Structure formats: structure tokens, C-alpha cells
Amino acid sequence: MNWFSLITATSFMPVPATKESGDVDNLYIFLLVSGLISFIILIGGMVIFIFKYRRKTEDQKSAYITHNTLAEFLWSFIPFVIMMIIFAWGWSVFHDLRRVGEKGDVEVHVTARQWAWTFKYANDIEINSPSDKKLLDDPDSTLLKPEIVVVPVGKTIRFILTSDDVLHSFYVPAFRNKMDAVPGRRTTFTFTPIEKGDFTVFCTEYCGTKHSNMMATIRVVDGEQFAAWQAEKIAANAGANNKGPAERGEALFKGSLGCSGCHSIDGSRIVGPSFKGLYGNKRDFADGSSVTADDAYIKQSILVPTAKIVAGFPPAMSSFQGRIKEDEIKDIIEFIKTLK
Amino acid sequence: MAHEQHNYLNHQKGIWSWLTTLDHKRIGIMYFVAIMSFFFLGGVFALLVRAELFTPGKTLFSADVYNRMMTYHGAIMVFMVIVPGIPAIFGNFVLPIMIGAKDVAFPRLNLMSWYMLMIGAAITGSTLFLENVDTGWTFYTPYSSIKTGLGVIPMVLGVFIIGFSSILTGLNFIVTTHKLRAPGMTMNRIPLMVWALYSTAILQVLATPVLAITLLLLIAEKTLGVGIFDPQLGGDPVLFQHFFWFYSHPAVYIMILPAMGVISELVATYSRKVIFGYTAIAYSSLAIAGVSFLVWGHHMFVSGQSEFAGVLFSFITMLVGVPTAIKLFNWIATMYKGSIRLDAPMLFAIGFMFLFTIGGLTGVYLASTGMDVHFHDTYFVVAHFHYVMVGGTLMALMGALIYWFPKVTGKIYSDLAGRISWVFIFTGFNVTFFPQFILGNMGMPRRYYDYLPTFTELNQMSTFGSWLIGTGFLVGLYGVFYALLKGKEAGNNPFGGKTLEWTTTSPPPHENFEKTPVLTGGPYEYR
């Protein structure tokens, strides 16, 4: 680490990757320098007094100074002025970060849920992040590989955020921007990337067990690469539609519905029960009852998850009512049937 | 034992006489024992949380266990240690003596406050054994209301009851300060510690009921399914944040104002100098208390509230900086041309000013909307509020402990033990929390169980620092036992203090003074 570049604030912050982030960094440098000067005046003064006025003899007297109106006025007024500058500067930067009403050149609907982000482009391209693969080789790591969301450089991008369950917050350090995803509300995250590269998205609002795992990657590329990526995705989607129901179900399970975040297919326990060997077998519930898992049971569990709680698991799942189509439920059931 | 003086400690005997005592001094000691036990528990959780973060991935516990420990660390430290800490322990002990009163205005209410804290703590603590809570100490909806277990109900019920303890203590202090001052003690002659406690009490009485109502609404939502915060029932999850921070932002000042009172006393006594700008320090406490009610929205700059609301809250938040700066400047001006002794309490006062200055200045970053968006809910915030609340309040708590120890027990606290403790705590704080500012710059969010490998070194430094802090507090605790068993006799005024508590015996008699004192001048008249 280069300690000298602390002064210029460039060594610890990620590369400023959007038009707005450079302005944030300028404000940061002002805050850092003015804060450092204030710190030196206050603490430096204190340290000098400690040594200069150290009690040397037990009967040493002190000066009798009760107040000094001019000094007191100055050390109230000067901090006030500096803080008003920081306030106004912060406001102007904030205004550029928010841009609530502005329409983007590219608009993406982002839905947060425990513990994944779904990005949906206007042309139905859908990215669900993170993937179900581990990010690191480390067996103890709980981080999953973030899926890549592609946007073009130099354009205004607007993400329209909402959440299906609890509060989440969409944060890209390199963009110096962050916005909560609130259930029942739409918020926007607008940015204009100026640097190409991969930038990590974190969730910064605590949302439960896998909060630290809710990552995605935003890849900023030039316009042609963006168009090529979109064409490739659209072709892949068309291909998927020609597949059989079980394959479509698998894509939904791992992809946009994000079932794989909580349910394994190999018998291991994640958050909810595994789907291995589910279909046609007996399910025991927390209230002591049990049922054989059939189409009706699975459909009910997707639409009204709290109706029957599997013994030993928390009632953590939220309803997919309104988020899933009738055919998609059928595809999921076909997929579950294959998990012997 | 033959020539032992008559004092509040030997006024009555037996454990029952303690549990039913109406003496504010004994209640202060009971608070000390209780709150220090909670502090120990919260500290163990802190060390475990930091230990888990020593390496990325799983180090010791699963994610769920980590989230629970993080929740209990926060809830215990905030609701059971730092909020009641200085007012309940030292406020109870010294406030009546400092204004020349025989006791607080409502001694029975005072005892009841202690029992409410104990009952609340027991109910909250019971969730550790029944059903652990993993919401974080802020209990944000809808996670707390629909996505996690029923343990949240007893947890917040306990906090609700603890809140009443806080309200009753505040009420008691306000009435005591207004009604029981000794003859000649005008409001402009009361010690600054009393001013700080008085301002805190106003906050406790006015802000805490909002928390109580909020927690009741949360319980109602969780048990009866009324749709206040749950969007699926037509509620608004952000409304909870408004309610919660309407209490919890003033609560930050409930935590720090009493600490500021302690620092005023320490700086005056150990500089042997009249306090600089008494009026400014006294009224800046009231100003901080007043403004603190209007700044809660700065916790919500990225919550989806309107841009205008964000800007307005940013403006008002900046205003809090001014009275805070006034206090710091006044303390340092008090040291100018003083006669300074660096005894352990003064070291803690200096440590307070050092850490609080860093905490305060980084608070300006977070008050500025454009900057806060980057730092919000990252480790920068964790570092900031630990510098303010922990560095500030716990430094003052340790200073107060060593400073008033002779008055409370009649024994001198070993200055050497105090200094060793200070070195560990002060160094440890900086090693623990300074790297967290850098982690925040790099973009590491808070409340993370697992993190990217790039964050590893700084997290390890931070964990190492937490062991130093732990060692420092253990040394401090050792000092308490050592002083109780082997401490030297203190005498009435070992440090040359000028406030009223130093004019009575150590320990004081049952009703504080043999003869009611009469005041002819202000406090801190070192001439």
C-alpha cells in the first residue's frame, strides 16, 4: 500500500468508473484534507498543552481564564462555514448521483430477493446473480460466482430496483453509488460508466443468512460488444424455448426464479429442504402432518409456501404468486420429477 | 474496624439491604455490577465476531451463528451497556452529591428503574437460550417482521422494558436537578457533569417512548399480522426506519453526552484550572439534545426517501457539528496555561478527545449526502460509530471509574493499573477500527459474514486490535479487585476536585453530607 497516496485518496477507493464518481472523489479529498487540518489543530494543540503546562511542582498554580468571546465566536463560526460548504458540495454531488426523473439509454429492471439479484432487460434478457458455482477454491468460502451483467460505456444506464421480500441495497463501490431495494416500491440507480471493465455489486442492507453472498458483476463494454452480447443472449433464449419442459424447469430453477439459492438438488441442506427424491415421496411437516409430494403439493408450496412447513426448516420462503406463470410451475414440476 | 467511620456502605448490612435499598449510591453500585456483567457478555460476542472475520469464508462459525452473535453484540452493547452506562452508574452515584442533595427526588422509582433493567435484560437474554435472533440490533422490517423467527418478540419486549428503565431514570434526574439543589446552587453553578446528565435525561424522557411504541407495533405486526410495516399487507417498511431512528439518533447523544460531562470534570480537575467557557459547554449540551431530534433521516439517505428529505436532514445534521466542536475547543482551552497531571483518568480524557475527534470528523463525511452514498452501510460507518460511541463513551467510563473510585469505595485505584489498561485500550481501538475506515473506502459492506480475499489483511489487523482492547479491559477489571482488596485509603479529596462530592467523606455518609452545603460560587474555582 502506498501511504503517501492516502493524501490523494486514490489508493484505497476503487477506480472511479462513472462520470459521477470523480466528483465524489474530489469531495472526499476536500473532506480528508480539511479533516486532517482540523485534527492537527485540535489534537496538536492538546498535545502541546500537555507538555508545556505539565504540573512540575505540587503547588503549581494555573491561570484564571473563564472565557474569551472572540475566540469562542471564531471557533463556532469557522467550523459552521466549513460545514456549510461541505453540505452544499455534498448536495450538488448527491443531485448528480440521484437523477431520479431521468430516463436511461439502457433500462434494466433489477429485482432483489434473498439472496440473489435478477436483472431484466427490456428485450427479456434475464441475468440471475450469483450463480450456483463457488467463487473461490477455498472449501470454507461461502461466496458464489457473480454472474455478469453487461452495459455499454458512455451511455446513461438506469436500473429500476425493487425487492420481493426484505430490504436489500444495491451498491457498486467503483460507481460511488448505492440505493436500497425496497419491497413494494421502485427506486432508481442511474449511472454513466466511463471506464470499461468488471465492477462488483454488493448488497449493503443486512438481509439474512447469505447477505454477504449477494454479489453480481457489472461488465462495462463498448457499444458493439454490448450489441453482440445481447444478440447472443436472445439466441440462447430462443434455443431454450425449444427445449423440453424438464430442461426449461431446470433453467428456471437455477436462473430467474433463483430456487437454487435455497434448495439443493443433491440432498445437501442449504436454507430450505433439498429437492432430491422429492417427487412421489412422503413429506413430514412441522405440525406433525404429512403428505405425498405430488403436483398439487408442489404448486401449493410455490404459491403459498407457509401453508405446509417441512419439519426442521424455518418458514423463510416468500410466495411466488404473481411472479410465476402456470406453465412455469409445470416445467418446475417436470424438473423436480427428474431428481431421483 | 474499631474506628471505622459511619458511611453508606456500612449503614445497613446484608444482601437484602442492598436489593431493597433506596440509597442512590448503592443503586449506582448495583448498576455498575449489572452493566459490567452485560459489558463482559457483549465484549465476548465482539471478540467472537472479530475472530470469525479473521479469515474469509468460515473461520469458526456458520453464517447463521455469526449473524446472531453480531446481533447480540449490538443489542447488548447499545441497550444494556452504553445507553444506561454512565448515567445509571455514575449519574446515580454523583449527581445528587454534586448538587448537594441527600438522594434523588424519587428513590423508590430509582430502585424500580434498576429492576426494570434487570427484568428487561433477563427477557432479552432468554432469547439466547430459546430462539436466537439474527436481525441486527436495528430490527429492520420486513426482515424482522416476516422473515425471521419468533425470538424477535421476547427480544424487543425486553428492550421495551429496558426503555422504561431509561425513561424513569431520566425523569428522576430532571426532577432532582430542578428541585433538590443545595442553597446557593443556581442552574449556572451546577457542575458540567450534571448539565450533561440533565440534557441526557431530557432525551431519555422524550425519545425513548417513540422506541417503545415502535417495538410494540413490531410485536403487534408479528403476532396479529396488522399491516404497518409489511408491504404484503399494505404497510411501509421504511416507516419502521423513521420511527426507529427518531429514537435511536437521539440515543446516540444519550450515549455520548454523559461521557462529555465526565470529560469536563476530568479536564478541569487534572488541569487544576477553571473550566473554559462554562456557559458554552453547558448550553451546547442542551443544543445537541435539541438538534438531535431533527436529524434521524441521515440514517436513510439511500433508503428511497426523497432527495429533498435527504438534503434537509444533511443540513440539520451539519448543525450538530457546531456545539460538538465548541466542546472540544473549550476542553483544550481549559488545558491552556493549566497545571496538568497525566494521571490515568486524564489519559482516558485525552484518549477520549483523540478518538472522539476522529469519530466526529468522519461523522461530517457521513452527514454530507454525496459522500454518504458511497460510505453508507460500509465498514466506514462501523469505524465511525465505534470511534464515537465506544472510543468516546468507554474511554469516559474508564476515566470516570478511576476518578470516582475513591469516592465510591474509599480506596485509591492503582494509577499504574489504569495507565496499563489505557495503553492497551487506546492502542487496541486504533488498531481495530482505523483499518475499518480503509475497508469502507474499498467498499466492504458491514454485517458481512464472508468477504472477498482483498479485504483479508485489514480484517486481520482489526481482529488483532480487538485482542488488545480485550486485554486492556481485563487489566481494568483486575485494577478494580486489586483496589478493593489492597487499595490505599483515599481521603476525602485525593485529586484536588472542586465540585461538591469532594467536600464530603469517602465513602460518603448515608445521606451524603453531615451538614447541608451552601454554595457561594460556581464549580471549578481554581484560583
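Here the structure is a predicted model, which means the values were calculated and not measured.

J.: Report on the overall build of chain B, specifying residues and quantitative values.
T.: Helix and strand counts for chain B come out as 16 helices and zero strands. Its C-alpha atoms give chain B a radius of gyration of 23 Å, near enough to 24 Å, the size a compact globule of 527 residues would have. Dimensions along the principal axes, computed over C-alpha positions, put chain B at roughly 70 × 45 × 45 Å. Counting every position in chain B, which comprises 527 residues, the buried fraction comes to 68%. A sequence separation of at least 24 residues applies to 82% of the contacts in chain B between residues at least 6 apart. Looking at chain B as shown, the accessible area adds up to about 16,500 Å², and 71% of this sits on carbon and sulfur atoms. Considering chain B, the positive charge centre built from 28 side chains and the negative charge centre built from 23 side chains are found 13 Å apart.

J.: Explain the packing of helix 1 (residues 19-52) of chain A against helix 12 (residues 344-367) of chain B to me, and be specific about the residues and the numbers.
T.: Running from N to C, helix 1 of chain A and helix 12 of chain B cross one another at 165 degrees; their axes reach a closest spacing of 10 Å. Between helix 1 of chain A and helix 12 of chain B, the angle falls in the class roughly antiparallel. Seen along the crossing, helix 1 of chain A lies across helix 12 of chain B with a hand that is right-handed. Within the contact between the two elements, helix 1 of chain A uses A:Y28, A:L31, A:L32, A:G35, A:S38, A:F39, A:L42, A:I43, A:M46 and A:I50 and helix 12 of chain B uses B:I350, B:M353, B:F354, B:T357, B:I358, B:L361, B:V364 and B:Y365. Here the residues of the contact of helix 1 of chain A with helix 12 of chain B sort into 15 nonpolar, three polar and no charged.

J.: Help me get a handle on the sheet that holds strand 3 (residues 126-129) of chain A, residues and values and all.
T.: Residue and element names in this part refer to chain A. Reading across the sheet, the five strands line up as 3-2-1-5-8 and stay open at both edges, with mixed pairing between neighbours. The sheet is open, and its two edges are formed by strand 3 and strand 8 (187-191), each paired on a single side. Between one strand axis and the next, the sheet turns through 20 degrees on average, direction left out of account. Two elements, strand 5 (residues 157-163) and strand 8, share five bridges in a ladder whose sense is antiparallel.

About the cut-offs
- Sequence positions are assigned chain by chain, starting from 1 and proceeding in written order.
- Written order determines the labels here, with chains lettered from A and ligands numbered from 1.
- Given that this is a predicted model, residues contribute local features only at a pLDDT of at least 70 and side-chain atom pairs are listed and counted only at 80 or more, while totals for whole chains, interfaces and linings are drawn from all residues.
- Excluded from the side-chain calculation are hydrogens and water; included are all heavy atoms of the structure.
- Think of it this way: any DSSP run of H or I at least four residues long counts as a helix, any run of E at least two long counts as a strand, and we number them from the N terminus.
- It is over C-alpha atoms that the radius of gyration is taken, and the globule rule equals 2.2 Å times the number of residues to the power 0.38.
- Using a 1.4 Å probe on the protein chains alone, a residue whose accessible area is under 20% of its type maximum counts as buried, one over 50% counts as exposed, and one in between counts as partly exposed.
- Note on contacts: a residue pair is in contact if any heavy atoms of the two residues lie within 4.5 Å.
- Here the Shrake-Rupley method, with its probe set to 1.4 Å, supplies the accessible areas, and only the displayed protein chains count as covering residues.
- We count Lys and Arg on the positive side and Asp and Glu on the negative side, and we leave His and both chain ends out.
- Note on charges: their place is set at NZ of Lys, CZ of Arg, CG of Asp or CD of Glu.
- Helix axes are fitted to C-alpha atoms over the stretch in contact, other axes to C-alpha atoms as well, and angles between N-to-C directions run from 0 to 180 degrees.
- Should an angle fall under 35 degrees it is called roughly parallel, over 145 degrees roughly antiparallel, and 65 to 115 degrees roughly perpendicular, with every other angle called oblique.
- In this scheme, a crossing is called left-handed if the near helix is turned counterclockwise away from the far one by less than a right angle; it is called right-handed if the turn is clockwise.
- Gly is placed with the polar residues, together with every amino acid not listed as nonpolar (Ala, Val, Leu, Ile, Met, Phe, Trp, Tyr, Cys and Pro) or charged (Asp, Glu, Lys and Arg).
- At least two bridges found by DSSP between two strands are what make those strands a pair.

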